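Descriptive analysis of the structure
Chain by chain, the residues:
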Amino acid sequence: MPLQAEYEQGTADWANQQVERYEATDGREANDLRGRPVIILYTIGAKSGKLRKTPLMRVEHDGEYVVVASKGGAEKNPTWYFNLKANPHVELRDLAEQHDYTATELEGEEYATWWARALETWPDYESYTKKTDRTIPLFLLTPVGQ
């Protein structure tokens, strides 16, 4: 079931503009960051209860997706990390396709496998690990009903 909540834009104007253009064109425009594909992650705010939309790097393998809570290597996790922890039912939009998923934080071997895939997608993730002491969280998105 699609997320039901009032939408509230985030604080980053560039991200709000990218989401707006991406949605308006079914991902034909605003679908990349420095030449790499992006998806839109829809979450429910942990504190606000409002719908949030976040453009993130597209890390996909055989129809499964992972979202990377890197925040450019900042010391703290991005706000959407806490949204997923509080409300793991999310939506993901990949171009014109939008579906419901359940987010699960990865650990161990599964984390290592997906981290390697994330690095293939966005090599900058490696430099982000050098900027922070935290382990950058990964969430596997499993289609609802599977």
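Described in the following lines is the structure provided in the data block. (Residues numbered from 1 in each chain as written. Predicted model: local features only at pLDDT ≥ 70, side-chain atom pairs only at ≥ 80, totals over all residues. Heavy atoms only, no water.)

**Notes on the pattern of salt bridges**
Going by this rule: Salt bridges, as used here, are contacts in which a Lys or Arg side-chain nitrogen is within 4 Å of a carboxyl oxygen on Asp or Glu. Each helix is a run of H or I in the DSSP string that is no shorter than four residues. Each strand is a run of E no shorter than two, and both are numbered from the N terminus. Categorising residues by exposure relies on relative accessible area from a 1.4 Å probe, with only protein chains included: less than 20% of the type maximum marks a residue as buried, more than 50% marks it as exposed, and the intermediate range marks it as partly exposed.
Per the stated rule, a full pass over the model turns up 10 salt bridges. Two residues, Lys 50 and Glu 8, come together in a salt bridge whose shortest N-O distance is 3.3 Å. Placement of the pair is Lys 50 in the loop between strand E2 (36-44) and strand E3 (51-57) and Glu 8 in the segment before helix H1 (13-24), with a sequence separation of 42 residues. Take Glu 8: its relative accessible area is 31%, and that puts it in the partly exposed class. Glu 8 is the salt-bridge partner of Arg 52, the closest N and O atoms lying 2.9 Å from each other. Of this pair, Arg 52 sits in strand E3 while Glu 8 sits in the segment before H1; the two residues are 44 residues apart in sequence, bridging distant segments of the chain. Each of Glu 8, Lys 50 and Arg 52 takes part in salt bridges that share partners, so that together they form one network.

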